[in-house]
Structures are given as structure tokens and as C-alpha cells.
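Fold and contact review
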Amino acid sequence: MYYVVAHQPLFFENADWLSGYWIIRSLAPSQRGKRPLLLDVPHDIVELTQSENYIQESKRRTKNVKDIQIPERKVVPLSDNGICTMQKIVSEHEERVRKLLSKPFQIPIPGYQLSGRVLGLRLPGPRRPLHDPDEPNALIVYSPPELSEHDRLKVDPCKQLVHVVVDPILCNVLRPHQREGVKFMYECVTGKRIENAYGCIMADEMGLGKTLQCISLLWTLLKQGPEAKPLIEKAIIVAPSSLVKNWYNEINKWLNNMVNTLAIDGGKKADIDTQLIRFMKTYGRCVTPILIISYETFRLHAHVLHQDEVGLVLCDEGHRLKNSENQTYQSLMGLKAKRRVLLSGTPIQNDLLEYFSLVHFVNQGLLGTAQEFRRKYETPILRGQDAAATDAERIVAQERLSDLVSIVNKCLIRRTSALLSKYLPLKHELVVCIKMGELQTQLYKNFIQSDSIKRSMEENDNSKKTGSLSALAAITLLKKLCNHPDLIYDKIKEKADGFEKAASLLPPNYSTKELMPELSGKLMVLDCLLASIKTTTNDKIVLVSNYTQTLDLFEKLCHKRSYNYVRLDGTMTIKKRAKVVDNFNSDSSNDFIFMLSSKAGGCGLNLIGANRLVMFDPDWNPANDDQAMARVWRDGQKKPCFVYRFLSTGTIEEKIFQRQAHKKALSSTVVDQEDDVARHFTINDLRDLFKLEENTVSDTHAKFKCKRCINGIEVKGPLEQSDCNSDLSDWRHSHNPRHLPDIPLRQCWASGISFVFHHRSHEQVK
Ligand SMILES: [Zn+2]
């Protein structure tokens, strides 16, 4: 006596054998046991026909239940002499079932077509792309190789490669340059552009939608691949703390909450570790495939994040990684992520080695080691850019530069905001040189000729650190003086270093209680400009300064003239900021002025309610100025924009501005591939920061030795294709108000303007 026992898997209760494929359905509880179970056929038969996976699955599950017997239905008792009869019955039954199953499957409704999709299960049929590549607006980032008819017959349809098509919900919002950007990045991270390199730098200028492009890339990789399965399982976005929430919101906005994201920025260490371990230890189809984390938190929890592989890492504000020595860089380098994308609007400051660090981060080894890079590229390029370089040195520099550019361009994409001109109104940029007031000039000269300054210059030369006044402190004092004497009044009173003899220059009744705009050239022009804008337009204006003390002056000015204003500085919480900004941008707001400290001015602020912006003082870092300007001239702006940069004529401010241009020149040679950036400034020029150029309308213009201007008249216009991204020598040069594009500025020329450089973002479309 023996028993044939058919084991019943625990989970899949019903299985149909159809055209060679198993389709397994699970039944509702009420259906269980009602339908005849095909698994009731003897075990060995089932095994013959099951797929390999299914056998394993089935074995695994039946292992635990092998002692369970279900006698009333499944056990067939056999007597010794009944074996033959029984074998016959079994084989007849088998025959019948096989016959049934060998019939082609037919759908009973004529004309009905299968969707090809089964819930929760991928059909092992021919592969298909997730989205239709033939849709009119489809963005195809990968196309399988073309096959001849003959090859097509030979290829197994289950192994055929498919198109990768960006999700239509994204395709339909991407602008042409963004489509190009997504495709570029896809090709980089799939190793198509450089063999064995899977990283790239997205260096588009601000306002071009880097975030949206990256979200499109992320979503495509998480959902698709040429083999009809996702290329990555999960991804990490690393961003500055202030942008973590922003990423979270942007992903939900563009992807309609279709994907779960985990955003972590600070919190209890143990909690974060738990969350991160859960993220790192899920595989396959992850419920939460995206982690957004701040740089600081990443560094603190790197030990967890280094444990496992991650499909893609995306670093926002990637210029934080410009130093390959720092901890953040090292901890990100340790991540097991083959595909790396670095986002940065400002990939290079003043140092090619920084640039190396960024490229090295995404594609390790592409530019050699740091030492190799320095020897081969940095040293010769810098030597050639010095105004004192020989012709031979320049030629070598040129060669190395184009060499470098051609390697790097395979994994770097950068478009300038000039592209935005198609969507944005005209922007005028005006660099306004303004004479200091009489008192300012005297205090300035007194300061730079003081013994303290002379001493500290000498000490700087001998690189002794005993000086009472550092060069940096002296620079700050001069910059403040350029804004208004009120800012250094305390120092004068204290007879601080450099101001020992300054008190006698002040008028006897000098007081900082009531603001006197007349004591500062720049403030006089600003006062006049604001009045003119207020009375001739309904525009709003953003005022930016490096110093909160200057913002205090602006507040006094607003009270004096009864202007409504709002002020944002570093101390405001992110939530409060958003509220203040929204309110300012709304049409119903009565605020005329938005004050911004350039330190707080950072990312994400959208001030399109204003279409004019004054940068009251220059910053050493051109990126900060660029960021400030991008607050108003950005998507959604409807009015023509005017961006004014104020500089005190002949002073340290002009020299800082010139140095900015120098940094920018280096940036644009590598990053923008402009071959002929004029080398206007020698390194020696930059050493004379403390000299006041008294007899000039613009020190910057004087240094150009401009051939287009004769006797204070611009006789020849700049190149036709130039715009405000061009070198200043290719801007319009105004020695008088006549041709200024801005009427309010024309009206305040007499308040002390000595010279204006101006240009527009693009040709006005008529
Ligand atoms: Zn000129």
C-alpha cells in the first residue's frame, strides 16, 4: 500500500497551463476550494511542466508542509493488485489533460485584444518598451540597434533590446534644451559616451532647470532599461541642508507623487541609522527607491551608506566637492555607486585643480591623478594665461586647454542662460561707476596713506603676521567706506588702526542718527534711482548688499522716503522666508523694495515680483553675484529686467570687480569653451588694490585701453553677436546718459555717475 500525495503550494492556489506559460492567480478566500485545482495532478507531472523558478519556489514552500496530509481529496489508496488499473487511470487522465492544454488558447470575445499586461507579473513574452517611442513628443534616450529583417527573425524576442523612452508626463513639460540635457546625462551614466565611465557634470547656468532634468533621468533609470527592466534599484540625492526639502517637493511635483522618497536632514542619530539601514538593505523593487540627504548627515552616517551598492548618486551644488581632500568628498567617494551625477551652476572658481576634483569625483581617473593633472594641464595653462607669458608658453597652454576641454566635454554639459532668452523677457545689465562723495574721498585717502596701512603692506610683503591690521580687515573697512561713512563711524571715533587722524575730517555735527544719503556717492544715486522708479513705473526692486549694516542704511532710507519694504537676512527660518517671498511676489502686495543680504541670498529664492535689482557692492565671488541676479530674471518673469551693479569709481570696488572678471575668464575658457577671452588683467594689476585711481571715469574701462571709445565717445558699437555674457570690453560703453537703455538711470546721472557699461541678454524680438 502506498500513497500518491500531491503537495499543494501555500500561496498560489490556482495555476493554468496556457500555451506553454504558467499564469498563476491567487483566489479570493471565498473561491478557495471551489474550483478544481490543476495542481491536483500528480506531483511528477506538474514538475515536468513547471518552470525552473516555480519548482524552486514550490519546493521551498512545500518543504515546510511536507507532513501535512489532506486525505479526503488528494490521497488515492492503491491495493497491490490494483496498481495496473490505477496506472492506466493515471495515464488516461494525463493524456486528457495534456490534450486540453496543447490546444492554442483562444479568447472567446471576437476582436478582443490582450493588453499584454498581467498584474504583478511580467510575461516572459517579447520585450516591449515601457512607453511608446512613436508618440509624437516622445523623448527617446536609447534606441536598440537597427536589425535587418533576416536578423530580426533570428533574434529571440525575449532577449531583444527595447527603446528607452522618458515618461510622457515629463516629456510634455521638458523644454528643448532640457530634453537634450536628459539624453546627454542618460548616455553618460550608461557608459555610452566614454568607455567605462559612468558619471557626468550637469553645469547648466541657473534658471535652466537642472533639477527637472535630473528628476527625469532618475525616473527613467528607476523604471526602464534597454533590457526592459530598470537600470537601477535605488538612488541617493545629496544636497545642502537648505535644499533637501526643495528636492522632495520637486520630485513629488513633477512625478505626481508616483514615487516614495525618503528625505533626511538631521535628527536623532539612532533613528537616522535605522532609516538608512532599511533603505540600504532593500533590494529589487524598492518601496522607497530615492533617498535625499544633506551633505552633513551623509558624512555623519557614511558608515551605513557605504555598506551596499547604490545605482546612482546625484550631488547638488556639487561645487562643494571642489576640494578632493575634504571629508565630505572622501565620504562620498567611498560610496559604492558606479553612476554619479554632479550638479553645479558654477563648476569652477579660480582654480583648475578644483575643476579636476569635480571631474575626478564623477569619473575617477579620467584626468589622471591630481599630480598628473597638475603637471600636464594646470601649470602650463596658468602660465600661458599670465599677461607676461611668452608666445611659446601661450601655444602650449592653448594646446593643453583644448586637450582638456575635449576630454571633459564628453562628460560635462553646460548651457548659458542666454538660452532662456527664448522664454524670458529682455534683461539689461548695467555696471554703474559712481564717484565717491567728497568726505568719502578724503577718508579713503587718509586711510590708505595711514601708517597702519603702510606697515601692514610691508609686513604682508615679508609675510610676517605681526601686523595690527590685516589686509583682509583693511579691505573690509574700505568696502564699507565705499558704501557710506556711517559704516565706519565707530572706527573713526575709536581712532582705530588706519583712522588715527580721520576724526578731524568729519563735519563737526556728524551723526549717524539721521541718514545723510549725500555723504555717499552710491547712496545718492540709489536714492535718486528709487525715486525715479517709484514715480515713473509700477516696478518693484530688489536691493542686495554684502553687509547687514548696509541693509540697515537701506531701511533708514525707506523710512525717510516712506517706501514699503521687506528685509530678508540669514537669521530668518526657511518657512518664514517662503511666506515673505510669496507675499512680495503677489500683485496685491504694496512692498516696493525687497532687501537681501547676499549671504542669505542663496538658492531657491524666486523674486519674480520684482524686475529690477541693485547690487550695491561687489563680491569677490562672481557666483554670488550671478545667484543674486538670477532671483529676478527667471522662469515666470514677464517684465523686462534691469540689473544694476554699483561700483565706486577708481576704488577697491572696481578692483574687486575686475578680479571677478578674471575669475570668470578662467571659468569661461574651460567651461564655456570661449577661445578668445581677452587677457585684460595682469596679476600685478591685482596687487594694487589699495591704490585710489582719482582721475578716471572708470578704472576698469581705462584698463581695457579701449579702441572703440575716442575722447569720451563710444564711436564703434560692440560686436553684433555680443550680449551680457560677453566680456565687458564687448559691452556698450556710456560716458554720458544719452544712450542708456533705462530712463530712471538716465535721470540720476547727475547724482554722481561717471561711467556705465551696459548690455542686454539677447536681441529683442520684434
Ligand atoms: Zn570703451
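Residues numbered from 1 in each chain as written. Predicted model: local features only at pLDDT ≥ 70, side-chain atom pairs only at ≥ 80, totals over all residues.

A word on the overall build of the chain
Here is the rule we go by: Each helix corresponds to a stretch of at least 4 residues labelled H or I by DSSP, and each strand to a stretch of at least 2 residues labelled E; elements are numbered beginning at the N terminus. Any residue surrounded by 20 or more other C-beta atoms within 10 Å of its C-beta is treated as buried, while 12 or fewer makes it exposed and the intermediate range makes it partly exposed; C-beta atoms here are placed from the backbone. Contact criterion: two residues are in contact if their C-beta atoms, reconstructed from the backbone, are within 7 Å.
Along the chain, the regular secondary structure elements total 27 helices and 23 strands. Counting all 766 residues of the chain, 34% fall into the buried class. For the chain, long-range pairs separated by at least 24 residues make up 75% of all intrachain contacts whose partners lie at least 6 apart in sequence.

Describing the sheet that holds strand E14 (residues 427–434)
Going by this rule: Between any two strands, pairing holds if DSSP finds at least two bridges. Think of each axis as a best-fit line through the C-alpha atoms, taken over the contacting stretch in the case of a helix, with angles from 0 to 180 degrees between the N-to-C directions.
Spatially, the eight strands line up as an open sheet ordered E16-E17-E15-E18-E19-E14-E23-E22, and their pairing is mixed. With partners counted over all chains shown, the strands left at the sheet margins are strand E16 (565–568) and strand E22 (732–734), one partner each. For this sheet the average axis-to-axis angle between neighbouring strands, irrespective of direction, equals 20°. Pairing analysis gives four bridges linking E16 to strand E17 (residues 593–597), with the strands arranged parallel. Bridge pairing in E17 places leucine 568 opposite leucine 596. Running at roughly 165° to E17, helix H22 (residues 548–561) makes contact with strand E15 (541–545), E16 and E17 of the sheet.

What to know about the pairing of E15
By the criterion of burial, E15 is predominantly enclosed, with five of the five residues buried. Across the two faces of E15 the burial is the same, with Ile541, Leu543 and Ser545 and Val542 and Val544 all buried. The sheet contact formed by E15 and E17 spans five bridges and is parallel. Pairing of valine 544 across the sheet is with leucine 596, part of E17. Bridging between E15 and strand E18 (residues 612–615) involves four bridges; their strand directions are parallel. Its bridge partner lying in E18, leucine 543 is registered against valine 614.

Quick notes on the confidence of the model for the chain
Going by this rule: The predictor's confidence in any single residue is recorded as pLDDT, a number from 0 to 100.
A residue-level look at the chain finds 77% of positions with pLDDT of 70 or above and a mean pLDDT of 81. Confidence drops under pLDDT 50 across residues 57–79; counting only partners more than four residues distant or on other chains, this segment forms 21 contacts. Note that residues 462–467 has pLDDT below 50 and, in this model, five contacts with residues that lie over four places away or in other chains.

Points about the nonpolar core
What counts here: As used throughout, a nonpolar core is a set of buried Ala, Val, Leu, Ile, Met, Phe, Trp, Tyr and Cys residues joined through C-beta atoms within 7 Å of each other. Domain delimitation in this document rests on an assignment produced automatically or drawn from a domain database.
Counting residues in each nonpolar core, the largest one holds 80 residues, and the members touching the most others are Val432, Ile541, Val542, Leu543, Leu613 and Val614. In terms of residues, this core owes the most to one element, helix H21 (residues 521–536), which gives eight residues. Of the residues that make up this core, three or more belong to each of domain 3 (423–434 + 520–760) and domain 4 (438–505). Look past the residues within four positions of valine 614 in its chain and what remains in contact with it is Leu526, Ile541, Leu543, Val544, Tyr644 and Phe646. In this structure, Val182, Cys200, Phe279 and Ala337 belong to the second largest nonpolar core, which totals 75 residues.

Considerations on unusual backbone geometry
Its identity as a non-glycine residue notwithstanding, asparagine 256 has a phi of 55°, on the positive side. Among the structural elements, asparagine 256 can be located in the loop between helix H9 (241–254) and strand E9 (261–264). One non-glycine residue, asparagine 711, lies in positive phi territory at about 50°. For asparagine 711, the location among the structural elements is in the loop between strand E20 (709–710) and strand E21 (713–714). Assessed through the 6 C-beta atoms surrounding it within 10 Å, asparagine 711 is described here as exposed.

Description of the packing of helix H8 (residues 210–223) against H9
To keep it simple, the criterion reads: By convention, the crossing between two helices is left-handed when the near helix turns anticlockwise from the far helix through less than a right angle, and right-handed when the turn is clockwise. Side-chain classes are defined by residue name, with Ala, Val, Leu, Ile, Met, Phe, Trp, Tyr, Cys and Pro counting as nonpolar, Asp, Glu, Lys and Arg as charged, and the others, Gly among them, as polar.
The geometry of H8 relative to H9 is characterised by a closest axis approach of 10 Å and an angle of 65° between their N-to-C directions. Here H8 runs over H9; the crossing is right-handed. When H8 is examined against H9, the residues Thr211, Leu212 and Ile215 are found in contact with a partner set consisting of Glu250, Ile251 and Trp254. Taken together, the residues of the contact of H8 with H9 sort by class into four nonpolar, one polar and one charged.

Thoughts on the sheet that holds E9
Across the sheet, seven strands lie side by side as E9-E10-E8-E11-E12-E7-E13; this open sheet has parallel pairing. Edge positions in the sheet fall to E9 and strand E13 (412–413), since each has one partner strand and no second. The pairing of strand E8 (residues 235–239) with strand E11 (residues 309–315) spans four bridges and is classified as parallel. By the bridge assignment for E11, alanine 235 is matched with leucine 312.

Some points on the environment of serine 751
Mapped onto the elements, serine 751 comes out in the loop between helix H27 (743–747) and strand E23 (753–760). Taking the C-beta count within 10 Å as the criterion, serine 751 has 19 such neighbours and is therefore assigned partly exposed. Considered as a pair, serine 751 and glycine 521 are 230 residues apart in the sequence and their alpha carbons are 7.4 Å apart.

Here we look at H22
Let me state the cut-off plainly: Every helix has an expected span of 1.5 Å times one less than the residues it contains. By definition, the arc is the one covered by directions from the helix axis to the C-beta atoms.
The end-to-end C-alpha distance of H22 is 20 Å, a good match for the 20 Å that 14 residues give at a rise of 1.5 Å each. Among the residues of H22, those classed as buried are Thr550, Leu551, Leu553 and Phe554. Buried residues in H22, looked at end-on, bunch into an arc of 150°, giving them a common side. Note on H22: the residue one or two positions beyond its end, serine 562, has a positive phi of about 55°.

Considering helix H15 (residues 370–385)
Applicable threshold: Bend at a residue means the angle formed by two fitted axes: the first through the 7 residues ending at that position, the second through the 7 residues beginning there.
Along H15, the largest kink reaches about 30° and is centred on glutamate 378; proline proline 380 follows within four residues of it. When we look at burial in H15, the residues that qualify are Phe373, Tyr377, Pro380, Ile381 and Gly384. As for H15, its buried residues are in contact with helix H14 (352–362) and helix H16 (391–408).

What to know about the packing of H15 against H16
Formally: In what follows, roughly perpendicular refers to angles from 65 to 115 degrees, roughly parallel to angles under 35, roughly antiparallel to angles over 145, and oblique to any angle outside these ranges.
Where H15 contacts H16, the axes come no closer than 8 Å and their chain directions differ by 135°. On the basis of their axis angle, the class for H15 and H16 is oblique. Note that H15 runs across H16; the crossing there is left-handed. On H16, the residues that touch Lys376, Tyr377, Pro380, Ile381, Arg383, Gly384 and Gln385 of H15 are Glu393, Arg394, Val396, Ala397, Gln398, Arg400, Leu401 and Leu404.

Quick word on the pairing of E8
Across the five residues of E8, five count as buried, placing the element largely inside the fold. Burial of E8 is two-sided: the residues Ala235, Ile237 and Ala239 facing one way and the residues Ile236 and Val238 facing the other way are all buried. Where E8 lies against strand E10 (residues 290–294), five bridges are found, and the strand directions are parallel. Bridge assignment links alanine 239 to a residue of E10, and that residue is serine 294.

Looking at the environment of tyrosine 377
Checked against the element boundaries, tyrosine 377 lands in helix H15. Assessed through the 23 C-beta atoms surrounding it within 10 Å, tyrosine 377 is described here as buried. As a C-alpha pair, tyrosine 377 and leucine 352 span 25 residues in sequence and 8.4 Å in three-dimensional space. Contact partners of tyrosine 377, with chain neighbours within four places excluded, come to Leu352, Arg400 and Leu404.

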